[in-house]
Structure formats: C-alpha cells, structure tokens
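For reference, the chains in residue letters:
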Amino acid sequence: ALELDPDYGGARVVLGWAFQFDWTNRWAENPTLAYSQAVEEAEKAIALDNNDAGAHALRAWIHVQKGEQNEALAAAEKATRLQPGGADMAHVYSMVLVQSGRPEEAIKWSNRSKRLHPNRPPVMDWTLAEALRLLGRYEEMIEVSKYILDKNNGGMWWEHARLAFAYMKIGLEQEARDQVEEMLVGNPQRVQAWLAGVSPLPEPMEADFVGTLRKAR
C-alpha cells in the first residue's frame, strides 16, 4: 500500500504496530532497529495527520513499553478524544492504564471497549485479566484468563502464566504447576528464558510475579 501511496497514514500505523510487536516480543533479529522503525512510522503517520487516532495510540504503546508512562497516558488520552467511539482506542487506553499501574481505570476502559465492540477478539480481555491480577481479585481473574485460553485454543502462553500466578496466590499449587507445564509445552525455550529473567514480561514486570511462578515449577 505504501508503494502505491507513501502518504497513506493508515498503512504506516499498521506497519508501525508490526515493528512494535517485533520489538517487544523479540521476534526481530535486531530489536533495536525494530523499535526505531516503529517510532519512525508513528511519527510519519502523525506528521501526515495529527488527528489520526490510531497513530497516537501506536505512539502511546511505544511510550509505555519504554517506561514513559506520562507520555503514554497523554498520547492514549488524545487517541480516545480523537475517536471517542473507537473500541480499539479504548482498548489501547486500557493497555496503557494497566501498564501504568492504574488497574481500576483499566477495567473501566476495557469494559468500554467491549461495549463498543461486543464481538472483539477475546484476547483483548488480557487487560481486564491483568487489572484483576494487580487488584488481587484472583478468582475473577482466573475466569477471564480461562475464557481467553478457551477461545484461543490455549495458544496464549502468557495467560497460563497469569493463571499459575493466581493459583499459587490462592493455594492451589498443583493447578499452578499444571499451568507452568502448559506454558512449557509450546514455548519451552522462550518460557525458560522468561522465567530466568532474560526476556521482558508482556505485562507489568513485578518481582512477585516471576518469583511466584518460579515456585510453581
């Protein structure tokens, strides 16, 4: 699309998200380059149209992954102002809020996103699950994570991590160990490195989270 129209901002946003996922998930051979490419595409999209809500949402997620919460919140808020009826904008705002340690507000915006798009992909409920985890509402969190895994045929390994953590917290150690085993089945090298502290968490990094999971091994 960009070969046909280099000024197509929407395509730049999509490309920026692809680079961002390559960077944060360490899929790229050169994560540093993927990060700079994500930033470049976000900035180009905003330069083309400062009222592009999607571009500001992308910028928000890049900021939060760098630990720049204030900038992330400002960009996410702008995205929701520009597109108040946008389910994706509400979802990104919930992502930023949960990563910024504001779980109550994250729940509000996650629910808003779901109201705006009742048939959205179940994986988008991860912000609700993580917010409930941060609030210590483990029984509720377990139900959300189970729903996500059920709808995605168990393919979201980090939901197994959340479940293992919650089970450990409520004293169900065997159930927690079962979840760790599920994690290792499909992603042995990545999960082992993650538990060893080599790879970044896909959700807020807390010593308690990884430490609790290690106890379940």
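Quick caveat: nothing in here was measured; it's all calculated off a predicted structure.

### Side note on the overall build of the chain
A count of helical and extended segments in the chain gives 12 helices and zero strands. Ordering the α and β elements of the chain from the N terminus gives α-α-α-α-α-α-α-α-α-α-α-α. The buried share of the chain, taken over its 217 residues, is 47%. Considering only contacts in the chain between residues 6 or more positions apart, those separated by 24 or more positions represent 55%. Accessible area for the chain stands at about 10,700 Å²; split by element, carbon and sulfur atoms hold 49% of it.

### Description of the side chain of Thr 212
Of note, Thr 212 is situated in helix α12 (residues 207–215). Assessed through its relative accessible area of 6%, Thr 212 is described here as buried. Ignoring sequence-local partners within four residues, the contact set of Thr 212 consists of Phe 165, Met 168 and Lys 169.

### What to know about the side chain of Ser 110
Position of Ser 110 relative to the elements: it lies in helix α6 (residues 103–116). Under the relative-accessibility criterion, Ser 110 is labelled buried at 1%. Of note is the side chain of Ser 110, whose polar atom sits 3.4 Å from the side chain of Arg 120. Excluding residues within four positions of it along the chain, Ser 110 makes contact with Ser 94, Arg 120, Thr 127 and Leu 128.

### Side note on the packing of helix α3 (residues 53–65) against helix α5 (residues 87–99)
Helices that pack against each other are described as a pair by the angle of their axes relative to one another and the distance between those axes. The interhelical angle for the contact between α3 and α5, taken along N-to-C directions, is 15°, at an axis separation of 10 Å. Between α3 and α5, the interaxial angle falls into the category roughly parallel. Read as a crossing pair, α3 and α5 show a hand that is left-handed. Facing α3, whose interface residues are Ala 53, Gly 54, Ala 57, Ala 60, Trp 61, Val 64 and Gln 65, α5 presents Met 89, Val 92, Met 95, Val 96 and Gln 99. Of the residues assigned to the contact of α3 with α5, the class counts are nine nonpolar, three polar and no charged.

### Regarding the pattern of salt bridges
Proximity of charged atoms lets side chains of opposite charge pair with each other. This model, assessed by the stated rule, comprises 11 salt bridges. Where Asp 125 meets Arg 120, a salt bridge forms, and the shortest distance between an N and an O atom there is 2.6 Å. Two residues, Glu 130 and Arg 133, come together in a salt bridge whose shortest N-O distance is 2.8 Å. Taken together, the residues span about one helical turn, with Glu 130 and Arg 133 both in helix α7 (residues 126–134) at a distance of three residues.

### Looking at the packing of aromatic side chains
Under the defined criterion, the tally for this structure stands at four aromatic pairs. Here Tyr 138 and Phe 165 contribute two aromatic rings whose centre-to-centre distance is 5.9 Å and whose plane-to-plane angle is 65°, an arrangement assigned as edge-to-face. Taken together, the residues span a long stretch of sequence, with Tyr 138 in helix α8 (residues 138–151) and Phe 165 in helix α9 (residues 157–169) at a distance of 27 residues. The buried category is assigned to Tyr 138, whose relative accessible area is 15%. Residue Phe 165 is classed as buried on the basis of its relative accessible area, which comes to 2%. By way of ring pairs, the aromatic residues Tyr 138, Phe 165 and Phe 209 are connected into one cluster. Arg 133 extends its terminal NZ or CZ atom over the ring of Phe 165, reaching a point 4.8 Å from the ring centre. Over the ring of Phe 209 we find Arg 133; its NZ or CZ atom is 4.0 Å from the centre of that ring.

Reading the values: the criteria
Residues numbered from 1 in each chain as written. Predicted model: local features only at pLDDT ≥ 70, side-chain atom pairs only at ≥ 80, totals over all residues. Heavy atoms only, no water. Helix = DSSP H or I, 4+ residues; strand = E, 2+ residues; numbered from the N terminus. Buried < 20%, exposed > 50% of the residue type's maximum accessible area, 1.4 Å probe, protein only. Contact = heavy atoms within 4.5 Å. Areas by Shrake-Rupley, 256 points an atom, 1.4 Å probe, with all protein chains shown as cover. Polar contact = N/O pair within 3.5 Å; in protein donor to acceptor, adjacent residues only side chain to side chain. Axes fitted to C-alpha atoms, helices over the stretch in contact; angles between N-to-C directions. Parallel < 35°, antiparallel > 145°, perpendicular 65-115°, else oblique. Left-handed = near helix turned anticlockwise from the far one by under 90°. Nonpolar A, V, L, I, M, F, W, Y, C, P; charged D, E, K, R; others polar. Salt bridge = Lys/Arg side-chain N within 4 Å of Asp/Glu carboxyl O. Phe/Tyr/Trp six-rings, centres within 6.5 Å; stacked < 30°, edge-to-face > 60°. Lys NZ or Arg CZ within 6 Å of the ring centre and 35° of its normal.

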